[in-house]
Amino acid sequence: MTSEKCPVCSKTVYPMEKINIDGKSFHRGCFRCAHCKGTLKLGNFTALEGLFYCKPHLIQIFKEKGNYDEGFGREQHKTKWTKANE
Ligand SMILES: [Zn+2]
Ligand SMILES: [Zn+2]
């Protein structure tokens, strides 16, 4: 028998409390949104940069990052659109 460790809390995960994500075993209670700490379910989460998020928060984070990292990118987009419309 192999004892599997939860990557979040580093404690052993027993089969009855195990949830398998990306080949890793988490405790059900440890599998939470990195933003709101809400418990996630299979099929209702998204992984980003090694962290897990519920869908509304992933979208929120994408928007924030988009505004942050791509301030100039958005302007270029605009320019492209303008040219395309002419
Ligand atoms: Zn855990
Ligand atoms: Zn969340």
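Here the structure is shown first, and the text comes after it.
This section reports on the structure supplied with the text. (Residues numbered from 1 in each chain as written. Chains lettered and ligands numbered in written order. Predicted model: local features only at pLDDT ≥ 70, side-chain atom pairs only at ≥ 80, totals over all residues. Heavy atoms only, no water.)

**Describing the coordination of the zinc ion (ligand 1)**
Then step 1. Distances from the zinc ion (ligand 1) to its protein donors, namely Cys6 (SG), Cys9 (SG), His27 (ND1) and Cys30 (SG), fall within the range 2.0 to 2.3 Å.
Then step 2. Site description for the zinc ion (ligand 1): donor spacing in sequence, C-x2-C-x17-H-x2-C. Here Cys9 is found in the loop between β1 (4-5) and β2 (12-13), whereas its partner His27 is found in strand β4 (residues 24-27), with 18 residues between them in sequence.
Then step 3. With relative accessibility at 10%, the residue His27 sits in the buried group. (Donors = N, O, S within 2.8 Å, 3.2 Å for Na, K, Ca; no water. Helix = DSSP H or I, 4+ residues; strand = E, 2+ residues; numbered from the N terminus. Buried < 20%, exposed > 50% of the residue type's maximum accessible area, 1.4 Å probe, protein only.)

**Side note on the pairing of strand β3 (residues 18-21)**
Then step 1. Side chains Ile19 and Ile21 project from β3 onto a buried face, and the interleaved Lys18 and Asn20 project onto a face without burial.
Then step 2. If you look at the hairpin formed by β3 and β4, you'll find 2 residues sitting between the two strands, and Asp22 has a positive phi there, around 50°. (Pairing = 2+ DSSP bridges.)

**Brief notes about the coordination of the zinc ion (ligand 2)**
Then step 1. Bound to the zinc ion (ligand 2) on the protein side are Cys33 (SG), Cys36 (SG), Cys54 (SG) and His57 (ND1), at distances that span 1.9 to 2.3 Å.
Then step 2. Here the zinc ion (ligand 2) is ringed by 4 donor atoms whose angles at the metal span 95 to 123°, and the overall shape comes out tetrahedral.
Then step 3. Motif for the zinc ion (ligand 2), donor spacing along one chain: C-x2-C-x17-C-x2-H. (Tetrahedral: all angles 85-135°; square planar, octahedral: opposite > 155°, others 65-115°.)

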